[in-house]
Amino acid sequence: MSAAIEFRNVSKSFGDKQVLKNISLTIDEGSIAVILGPSGTGKSVLIRCLIGLLKPDADGGEIWVFGTNVAAIDESKRADRKKLYDVRKRFGMLFQDGALFDDMTVGENVAFPMRHHGGLRESEIQARVADKLARVGLKDAVNKMPSELSGGMRKRAAFARAIANEPSFVLCDEPSSGLDPVMAATLDELILEMHHELNIGFIVITHDTAEARMLGGRMGLLNKGELVVPFDATDKVLRSNHPAIRQFFDRQKSGPIQVV
Ligand SMILES: Nc1ncnc2c1ncn2[C@@H]1O[C@H](COP(=O)(O)OP(=O)(O)O)[C@@H](O)[C@H]1O
Ligand SMILES: [Mg+2]
């Protein structure tokens, strides 16, 4: 396996507030990576840097994504815009508030990213929509409106949309926030199923330790913008005696992680 993604000493500030501090990590193609951490610690900023929605500081490190240093992209240059576009095309998104478009059928929701990126004939789009919906167990929902679906089905539909363009990775920013534990477990199962069946990689941001354990793969715990121990295999990180790891996984009130 080769590293598809590599953060090298990445730092990011907003004004005088440093949000990411010297982050280094590698993620292999087709693997599962979990970024854990309390709220407000830079998890979403990290993901936004990964796909070039935010830029690290000047001299704030490198972010290699499928051979492109996204941190060095200059969007005023046409060739760089093309590179960024090619990088983004390889990522699907599943956000906590990644609601479906209410005024479109489920099928049109799934077709949306395909139409956005273009290049597919209508018959191909329809075939792919059917395939993705079948994958998530929603074969019969193609003509339904989102309002006709249960909460769990809506999550599944959002999942189908996230894999519409057959991405290398799906970025999941707190996908299970606000879900009850049963539905959260169902979502994690879906992630593992897609991972195994379709060889899709997942980068999952969460503050749910049960979810982190269930997904396995590799993991990092971010606290105040820093990885508290090196990004590594989840079972290895779980065995760490680092006080921040213990505090987070053993649910302790006091320790290095402070409520802000
Ligand atoms: N565009 C922005 N401008 C200024 N500050 C920001 C911006 N985005 C995030 N932040 C700040 O960066 C910190 C980390 O945010 P975030 O990555 O969203 O945290 P979380 O770990 O909960 O996802 C927060 O203090 C937030 O206010
Ligand atoms: Mg966030």
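You'll find the structure just up there.
In this report, the structure presented in the accompanying data block is examined. Computed from a prediction, not measured in an experiment: that's the story for all the values here.

### Here's the deal with the overall build of the protein
Secondary structure assignment for the protein yields 9 helices and 11 strands. The principal-axis extent of the C-alpha atoms belonging to the protein is close to 50 × 45 × 35 Å. The 260 residues of the protein split such that 48% are buried. Expressed as a percentage of contacts within the protein between residues at least 6 apart in sequence, the contacts between residues at least 24 apart total 65%. Looking at charge distribution, the protein has the averaged site of its 34 positive side-chain charges lying 2 Å from that of its 34 negative ones.

### What to know about unusual backbone geometry
Peptide bonds are, in most cases, trans, and in most cases residues other than glycine have a negative phi. For N9, which is not glycine, the phi dihedral falls at a positive 50°. Phi is positive for N199, close to 65°, though the residue is something other than glycine. Residue position: N199 is located in the loop between α6 (181-198) and β8 (201-206).

### A few points about the site of ligand 1
What surrounds ligand 1 is the set F14, K17, V19, P38, S39, G40, T41, G42, K43, S44 and V45. One of the backbone nitrogen or oxygen atoms of G40 is found 2.7 Å away from an oxygen atom of ligand 1. Protein contacts shield 60% of the accessible area of ligand 1, which totals 570 Å² for the unbound molecule. Taken together, the residues of the shell around ligand 1 break down into 4 nonpolar, 5 polar and 2 charged.

### Remarks on helix α5 (residues 151-162)
For α5, with 12 residues, the first-to-last C-alpha span of 17 Å sits near the 16 Å given by 1.5 Å per residue. Within α5 the residues assigned to the buried category are G152, K155, A157, A158, F159, A160, R161 and A162. Buried residues belonging to α5 abut β6 (91-95), α3 (106-117), α4 (122-135), β7 (169-173), α6 and β8.

### Some points on the pairing of strand β9 (residues 218-223)
With 5 of its 6 residues buried, β9 lies for the most part within the structure. Here strand β3 (residues 32-36) runs beside β9; their pairing, made up of 4 bridges, is parallel. Across the sheet, A33 pairs through a bridge with R218, a residue of β9. For β9 and strand β11 (residues 232-233), the ladder comprises 2 bridges, and the chain directions are antiparallel. Bridging from a neighbouring strand, M219 pairs with D232 of β11. In terms of strand pairing, β9 meets strand β10 (residues 226-227) through 2 bridges, oriented antiparallel. Within the sheet, the bridge partner assigned to L222 lies in β10 and is L227.

### Some remarks on the sheet that holds strand β2 (residues 17-28)
On the basis of which strands lie adjacent, the open sheet formed by 4 strands has the order β2-β1-β4-β5 and antiparallel pairing. With one partner strand each, in any of the chains shown, β2 and β5 (68-69) form the two edges of the open sheet. The pairing of strand β1 (residues 3-14) with strand β4 (residues 62-65) spans 4 bridges and is classified as antiparallel. Among the inter-strand pairings, F7 is bridged to a residue of β4, identified as I63.

### Considering the side chain of K43
Turning to its location among the elements, K43 is positioned in helix α1 (residues 43-50). A polar contact of 3.1 Å, which involves the side chain of K43, links it to the backbone oxygen of G37.

### Regarding the pairing of β3
For β3, the tally of buried residues reaches 5 of 5 residues, placing the bulk of the element in the interior. What you see with β3 is no split at all: I32, V34 and L36 on one side and A33 and I35 on the other are buried throughout. Bridge count between β3 and β8: 5 bridges; the pairing is parallel. Bridging from a neighbouring strand, L36 pairs with T206 of β8.

### Focus: the pattern of salt bridges
Under the counting rule described, the total for this entry stands at 17 salt bridges. Among the ionic pairs, K236 bridges to D232, the shortest N-O distance being 3.0 Å. One connected set of salt bridges, linked through shared partners, spans R128, D131, K132, R135, E166 and E197.

Criteria and cut-off values
- Residues numbered from 1 in each chain as written.
- Chains lettered and ligands numbered in written order.
- Predicted model: local features only at pLDDT ≥ 70, side-chain atom pairs only at ≥ 80, totals over all residues.
- Heavy atoms only, no water.
- Helix = DSSP H or I, 4+ residues; strand = E, 2+ residues; numbered from the N terminus.
- Buried < 20%, exposed > 50% of the residue type's maximum accessible area, 1.4 Å probe, protein only.
- Contact = heavy atoms within 4.5 Å.
- Lys, Arg positive; Asp, Glu negative; His and termini not counted.
- Charge placed at Lys NZ, Arg CZ, Asp CG, Glu CD.
- Near = heavy atom within 4 Å.
- Polar contact = N/O pair within 3.5 Å; in protein donor to acceptor, adjacent residues only side chain to side chain.
- Areas by Shrake-Rupley, 256 points an atom, 1.4 Å probe, with all protein chains shown as cover.
- Nonpolar A, V, L, I, M, F, W, Y, C, P; charged D, E, K, R; others polar.
- Expected span 1.5 Å × (residues − 1).
- Pairing = 2+ DSSP bridges.
- Salt bridge = Lys/Arg side-chain N within 4 Å of Asp/Glu carboxyl O.

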